[in-house]
Amino acid sequence: MHFTITGGTPLKGSISVNGAKNSALAIISAAALAAEGATYLENVPLYTDILDLCEILRALGAEVTFVDRRVLKIDAKNLTNHVAPYEKARKLRGSTYIVGLLLARLGRAEVAMPGGCDIGARPIDFHLRGFEALGAKAWVEHGSILAEARSGLSGTNLFIDRASFGATINLMIASSLARGTTYLENAAREPEIVDLANFLTGLGATVRGAGTSTIRIEGAKRLHGGRHEIIPDRLEAGTYLMAGLASGGEVAVKGVIPEHLATVCAKLEEAGAALEISADAIQLKAPARVRAVDVQTQPHPGFPTDLHPPLVAALARADGISLVQETVFENRFHYVNELARMGANVRVDRDTAIVRGQERLSGAPVEAPDIRGGAALVIAGLAAEGRTVVGGLQYVERGYEDLEGKLSQLGADVSRDGEATASEVSL
Ligand code: EPU
């Protein structure tokens, strides 16, 4: 599967963004905490990671069906199996949330060690330590995470060593059915964490402080079904804004919560973009030539690590030298060698990409190494002269849906060759 892009046309127009992948992965897992009544999730993005997670829940005994194009119904009253299918669970990072879910619901879990993008070591020690602090035993054996809490979980005070997104989500899920109150200290503060907290509250849990570094969760005896709309995908929105910047275009992203992109907007403006921000849209007009900027990735509200590769693609043609320091993952630079095939001059020194902006990039055959690295190559292809073929779309489609359709809507010359996409096969 690959994209063929003929670059050089400034993008122009507007697109709407999907629901947030990383929110949906958390909330779909958490929906199966409810033992009574069905949950309806709206604005669910049709990415392959999401569909794989649905498969896992089905294998555990939950009924999971799309009742409308983006509306997922989850009824988990018959969730009785504590062993997740190994091959499915090992594919994605979000499957770790199934451990928190199963511990809370059934008191035991067996879930393959997660996969996900190859962007660093990505250990799960914070998750396991958190489960232990809640009174479970948790360990890794024969490639799987095993966890047990035969007499249930008990609320406690937990300090997460780093503000890990995944560990915060997992411990929120586990503690929402624990006895008593749990305090998560040094919790991650991403908007998706707040989305999960709002969702859990709708199911009958008491969650306070999400969006700050201390989250308090009062465990409920049982949770019931509900209805919830997933927040817009700030990372998808940021990707299209970077594509607008790189191609010298004028792009509006609609259906977003601009506050979630405050740091990104600040950097786009520093790079010379003119922005118009309304209640639910961001409109970008690129400068004649992008200005070099220095950026350091940080957990929210800092500049998101997921937008580092798309930003570097936009800076590859900037006027001057940019320094992009990656502080969240130790190896998010696999895309750099592929960008070099297009004439980009990017040198990686430890955790920092040194980007010497070039006048022009030229199209080339390249391979996506992971979701956001793949998005960076697509963006570079749009900004390059001539034809770029981006292979490895199975990675890109874990986090983007109908990328070629949306880019075509913005006037790009892009086509996709290969098997049907997740969104085409999901209903
Ligand atoms: N870490 C540990 N131990 C742990 C957990 C994390 O050392 O137990 C380290 C990681 O190795 C990393 C840092 O802590 O260096 C932060 O990792 P975090 O736990 O915050 O990330 P994650 O939960 O594994 C999620 C998203 C990523 C996104 C990051 C950061 C999902 C499924 N994945 O990963 O999304 O980059 O948060 O915001 O939600 C993507 O969408 O392309 C993607 C990779």
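Residues numbered from 1 in each chain as written. Predicted model: local features only at pLDDT ≥ 70, side-chain atom pairs only at ≥ 80, totals over all residues. Heavy atoms only, no water.

Q: How would you explain the overall build of the chain if you had to name every residue and give the values?
A: Looking only at helices and strands, one finds 15 helices and 23 strands in the chain. Here the chain has a C-alpha radius of gyration of 21 Å; the compact-globule value for 427 residues is 22 Å, and the two agree. Dimensions of the chain, computed from the C-alpha atoms along their principal axes, are close to 65 × 45 × 40 Å. Within the span of the chain, comprising 427 residues, buried residues form 58% of the whole. (Helix = DSSP H or I, 4+ residues; strand = E, 2+ residues; numbered from the N terminus. Rg over C-alpha atoms; globule rule 2.2 N^0.38 Å. Buried < 20%, exposed > 50% of the residue type's maximum accessible area, 1.4 Å probe, protein only.)

Q: Describe the nonpolar core, with residues and values.
A: The biggest cluster of nonpolar side chains holds 79 residues, and the ones touching the most others in it are Ile28 and Met172. Once residues lying within four places of it in the same chain are set aside, the contact partners of Met172 are Leu184, Ile193, Leu196, Ala197, Leu200, Val207, Ile215 and Ile217. (Core = buried A, V, L, I, M, F, W, Y, C linked by side-chain atoms within 4.5 Å. Contact = heavy atoms within 4.5 Å.)

Q: Report on the environment of Ala163, specifying residues and quantitative values.
A: In this structure, Ala163 sits in the loop between strand 9 (157–159) and helix 6 (165–175). Each C-alpha atom, one on Ala163 and one on His300, is 9.3 Å from the other, the two residues being 137 residues apart in sequence. With residues up to four places along the chain from it excluded, the contact list for Ala163 reads Asn186, Ala187, Ala188 and Pro299.

Q: Provide a residue-level description of the pairing of strand 3 (residues 39–42), including the pertinent values.
A: Only one face of strand 3 is covered, namely the one carrying Thr39 and Leu41; the face carrying Tyr40 and Glu42 has none of its residues buried. Examined bridge by bridge, strand 3 and strand 5 (residues 71–75) share three bridges and lie antiparallel to one another. When the bridges of strand 5 are listed, Thr39 appears paired with Ile74. Both strand 3 and strand 13 (residues 227–229) contribute to a ladder of three bridges, which runs parallel. When the bridges of strand 13 are listed, Glu42 appears paired with Glu229. (Pairing = 2+ DSSP bridges.)

Q: Could you give me a rundown of the sheet that holds strand 8 (residues 144–148), with the residues and numbers involved?
A: Spatially, 6-8-7 is the arrangement adopted by the three strands of the open sheet, whose pairing is antiparallel. Whereas interior strands pair on both sides, the edge strands pair on one side only; in this sheet they are strand 6 (108–112) and strand 7 (137–141). Taking each pair of neighbouring strands and ignoring which way they run, the sheet shows an average axis angle of 15°. Strands in contact with helix 4 (residues 97–106) are strand 6 and strand 8; relative to strand 6, the strand with the most contacts, it is inclined by about 160°. (Axes fitted to C-alpha atoms, helices over the stretch in contact; angles between N-to-C directions.)

Q: Outline the site of the ligand, supporting the account with residue identities and numerical values.
A: Neighbouring residues of the ligand: 23 residues in total, closest Asp125, Ser164, Phe165, Asp306 and Val328. Side-chain polar atom of Lys21 to an oxygen atom of the ligand: 2.9 Å apart, as the coordinates give it. The side chain of Arg372 places a nitrogen or oxygen atom 2.8 Å from an oxygen atom of the ligand. If the ligand stood free it would expose 830 Å²; the protein chains cover 94% of that surface. At a threshold of 2 Å from the grid points, most atoms of the ligand map onto the largest pocket. At the level of secondary structure, the elements contributing two or more residues to the shell around the ligand comprise helix 1 (21–31), helix 5 (125–133), helix 6 and helix 12 (371–383). Class assignment for the residues of the shell around the ligand results in 10 nonpolar, five polar and eight charged. Lining the shell around the ligand are residues from two domains, each supplying at least three of them: domain 1 (2–18 + 232–424) and domain 2 (21–229). (Near = heavy atom within 4 Å. Polar contact = N/O pair within 3.5 Å; in protein donor to acceptor, adjacent residues only side chain to side chain. Areas by Shrake-Rupley, 256 points an atom, 1.4 Å probe, with all protein chains shown as cover. 1 Å grid on protein atoms, 1.4 Å probe; cavity = no way out; pocket = protein on both sides within 12 Å on 5 of 7 lines; lining within 4 Å. Sits in = over half its atoms within 2 Å of the grid points. Nonpolar A, V, L, I, M, F, W, Y, C, P; charged D, E, K, R; others polar. Domains from an automatic or database assignment.)

Q: How would you explain the sheet that holds strand 20 (residues 352–356) if you had to name every residue and give the values?
A: Picture the strands of a sheet paired through backbone hydrogen bonds; they go either parallel or antiparallel. Taken in spatial order, the four strands line up as 17-18-20-19 in an open sheet, and their pairing is mixed. The open sheet is flanked by strand 17 (295–296) and strand 19 (345–349), the only strands paired with a single partner. Sheet topology places strand 17 next to strand 18 (residues 321–325); two bridges connect them, and they run parallel. Across the sheet, Val295 pairs through a bridge with Val324, a residue of strand 18. Here helix 10 (residues 308–315) sits on the sheet in contact with strand 17, strand 18, strand 19 and strand 20, set at roughly 175° to strand 18.

Q: Hey, could you go over the layout of surface pockets for me, with residue numbers and the actual values?
A: For the largest pocket, the calculated volume is near 990 Å³. Taken together, 41 residues make up the lining of the largest pocket; nearest its centre are Arg122, Phe165, Gly166, Val328 and Phe329. Going through the elements one at a time, helix 1, helix 5, helix 6, helix 8 (234–247) and helix 12 are the ones with two or more residues in the lining of the largest pocket. Its residues assigned to classes, the lining of the largest pocket shows 15 nonpolar, 12 polar and 14 charged. Shared between two domains, the lining of the largest pocket takes at least three residues from each, and those domains are domain 1 (2–18 + 232–424) and domain 2 (21–229). In this structure, the second largest pocket spans a volume of roughly 200 Å³. Lining the second largest pocket we find 13 residues, and of these Ala104, Leu177, Ala220, Lys221 and Arg222 sit closest to its centre. A breakdown of the residues in the lining of the second largest pocket according to their chemical character gives seven nonpolar, two polar and four charged. (Points joined across faces, edges and corners; volume = space filled by probe spheres on them.)

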